[in-house]
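Structural features, examined
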Amino acid sequence: MLHTTLSSDLLVTMRGRGGIPLCTKLCYAVGGIPYQMTNIAMAFSFQIFLLDIVQMEPLFVSLILFINRAWDALTDPLVGYLVSRSRRSPIGKLLHWSVLSMPLGVLSYALLWFIPHTAASSSATVAWYLTVSCLFETFMSCYHVPYTSLNMFLGGSERDRDSATAYRMSVEVLAMLLAAVIQGQVLRVYNSERESSCVNLDINHSELTNPTSSEPTAPLHLTRVAFMTSALVLGALFFLCCMLLFLGVKEQSGKSAIGRRRSYLKDLKMLIGHISYQRLVLGFLFSSLAFQMSLGNFALFCIHVAGLGAQFQNLMLAILVAAAVSVPLWQMILVRLGKKSTLFIGLPLLIPALIVFVSVTENFPVYVVVCVLVGASVATLFLLPWSMLPDVVDDFTLQNPCCTDLEPLFFSCSCFCNKLGGGLSAGISTMTLHLTGYKTGACIPGEGVVTALRLLLAPVPIVLLLVGLIFFYLYPINETRRQQIQHDLERIR
């Protein structure tokens, strides 16, 4: 499916100067695997891990998830500024940030899934997971912000950069697929042990006083081991991918800053004041919030509402396989129709899919078909905003030729909006579950919890996605404007 992209890459390389070699594109794409694998693992499992394995109160879980994501979002612009102002090392200006932060990122990720001996103390447990999760997100920002900014320093033309982005997104979706398989095995152990615990609890209670079946279950020891094993496997993959990025990508030197160095606030003000960047990141923020809220609650929805908890892994595989197949297809479509038009074809596919999810229960074949639709829409969110961002950077460069070395700040602020959406999604979701009476380890949820999960899966995300589409509609860089930007930049060079 990448044949069309590969063919166009070859033509560009043959007739253009400085095309990006295929090996470089692949090594660059592999560098995005650690972020997506750890992200998908935390998105689908960390909430369940804290609620049912650590058996933490939902209020504290909400606090940890929100502060963690807020901290993560705030560190991105700061790391972006530090990277843009750092000096060039023998291996470049960006790569050494990713390489040096990798070991600390691996260690902190493993500690996320470790249950300390102080788990009996709620205050100590909250402090532990809050500290470790914030450290992990800080080290991941130091890895991921320079990595995403590297797209502007691979060499080649604008078409080469778009092609490298398509390779990156295809590999990242495959990484999510692999993470879902690994994490799905963990959730399978969790579901099996949870059902067994609930059966034993019902038998014991029926022999005594026959109380309600909503009491929490005992700690799930096998699931603890499964979570830690998964963390060690992902940590090893993190190390391997970082080494391939380091060995396979040679960072091209960019232009040096001209004139006196500006302050961080002045740079940030210029970025925020740029209209095309403003509209793109706001559209990205609301769309990302919609997707993360629906997919972040999908596991709990399948377990407690749809009656398909045992099939959750298969449903996630359907979403991710569809996304992996769709990325090169969307790349072919955007070459023909333009990026903005392609985005408006792909993103709205999520809306009918979510409506079907909340309307149908215990129907696995229907869910599989709808998951394919969700996967195609997810691929659009993965590919298009990141493919549009270099156009915004070029537009900004054209209007502000004296402002250089700001690429890391552009990419880090975009990451900020994406992560802010994730933080708001996690915080709102967990707080809603707390207010509706969610109990850790409960075998049968209350009616309020079921209603909350339905709202968090479809109506709220649909409204948020529509707001995001409005901002994308106001985004000023269409295909004609994009071609004009590239022509003007080529003339200046």
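Each chain has its residues counted from 1, following the order in which its sequence is written. Reporting in this predicted model follows two pLDDT cut-offs: at least 70 for local features of residues, and 80 or more for side-chain atom pairs to be given and counted; totals over whole chains, interfaces and linings ignore these cut-offs and use all residues. The side-chain values count all of the structure's non-hydrogen atoms but skip hydrogen atoms and water molecules.

Structural notes on the overall build of the protein chain
A tally of regular secondary structure across the protein chain gives 19 helices and zero strands. Per-residue burial over the protein chain gives 57% buried out of 493 residues. Surface accessibility of the protein chain: about 20000 Å² in total, with carbon and sulfur atoms responsible for 68%. A helix here means a DSSP run of H or I that spans at least four residues, while a strand means a run of E at least two residues long, and both kinds are numbered starting from the N terminus. Each residue is placed in one exposure class: buried if its accessible area under a 1.4 Å probe, protein chains only, is under 20% of its type's maximum, exposed if it is over 50%, and partly exposed if it falls in between. Working definition of accessibility: Shrake-Rupley area with a 1.4 Å probe, residue cover restricted to the visible protein chains.

Notes on the state of the cysteines
Two cysteine sulfur atoms form a disulfide, by the criterion used here, when they sit within 2.5 Å. Taken as a whole and assessed by the stated rule, the structure comprises zero disulfides. The thiol of C241 is unpaired, and the distance to the nearest cysteine sulfur, on C242, comes to 8.8 Å. The thiol of C371 is not disulfide-bonded; the next cysteine sulfur, from C302, is found 7.3 Å away. C371 gets classed as buried once you look at its relative accessible area, which sits at 0%.

Some details on the pattern of salt bridges
Take a side-chain nitrogen of Lys or Arg and a carboxyl oxygen of Asp or Glu: if they are within 4 Å of each other, that pair is a salt bridge. The final tally for this structure, using the stated rule, is six salt bridges. Between D394 and R161 there is a salt bridge whose closest N-O contact spans 2.7 Å. Remark: R161 occurs in helix α7 (residues 158-207) and D394 occurs in helix α15 (residues 364-399); sequence separation between them is 233 residues. Of the charged contacts in the structure, one is a salt bridge between E172 and R168, with a shortest N-O distance of 2.9 Å. With a gap of four residues between them, E172 and R168 both fall in helix α7, about one helical turn apart. By relative accessible area, R168 is classed as buried at 3%. A single salt-bridge network, built from bridges that share partners, covers D162, K339 and D391.

Observations regarding helix α17 (residues 447-457)
The periodicity of an α-helix, 3.6 residues per turn, causes residues three or four places apart in sequence to face the same way. When we look at burial in α17, the residues that qualify are V449, V450, A452, L453, L456 and L457. For α17, the buried positions fall inside an angular range of 165° around the axis, keeping them on one side. Directions are taken from the helix axis to each C-beta atom, and the arc is the one they span.

Some details on helix α19 (residues 479-492)
For α19, with 14 residues, the first-to-last C-alpha span of 20 Å sits near the 20 Å given by 1.5 Å per residue. Every buried residue of α19 is listed here: R482, I485, Q486, D488 and L489. Buried residues of α19 fall within an arc of 165° about the axis and therefore sit on the same side. Residues of α19 that are exposed and angled more than 90 degrees away from the buried face: T480, H487 and R491. By the N-cap criterion, in which a side-chain oxygen at the helix start approaches the backbone nitrogen of a residue two or three places on, α19 is capped by N478, the distance to T480 being 3.3 Å. Expected span of a helix, by definition, is 1.5 Å for each gap between consecutive residues, and there is one gap fewer than residues. Two N or O atoms form a polar contact when they lie within 3.5 Å of each other; inside protein one atom must be a possible hydrogen donor and the other a possible acceptor, and for residues adjacent in sequence the pair counts only when both atoms belong to side chains.

Looking at the packing of aromatic side chains
Two aromatic rings from Phe, Tyr or Trp, using only the six-membered ring of Trp, form a pair when their centres are within 6.5 Å; if the ring planes differ by under 30 degrees the pair is stacked, by over 60 it is edge-to-face, and anything between is tilted. Applying the stated rule across the entire model yields 19 aromatic pairs. A centroid spacing of 6.4 Å and a plane angle of 15° characterise the contact between Y143 and Y147, whose relative ring orientation is stacked. On the criterion of helical spacing, the pair formed by Y143 and Y147 is a turn pair, its members being four residues apart in helix α6 (residues 122-149). Considered together, Y143 and Y147 belong to a single accessibility category, that of buried residues. A centroid spacing of 5.2 Å and a plane angle of 80° characterise the contact between Y143 and F238, whose relative ring orientation is edge-to-face. Of this pair, Y143 sits in helix α6 while F238 sits in helix α8 (residues 221-248), and the two are 95 residues apart along the sequence. Since its relative accessible area comes to 0%, Y143 is described here as buried. With relative accessibility at 2%, the residue F238 sits in the buried group. Ring-pair connections join several aromatic residues into one group, and the members of that group are F46, F49, Y109, W113, Y129, F136 and F227. Ring-over charges, as used throughout, are those where CZ of Arg or NZ of Lys falls within 6 Å of the ring centre and within 35 degrees of the ring normal. One cation-aromatic arrangement involves R168 over W386; the distance from NZ or CZ to the ring centre is 5.1 Å.

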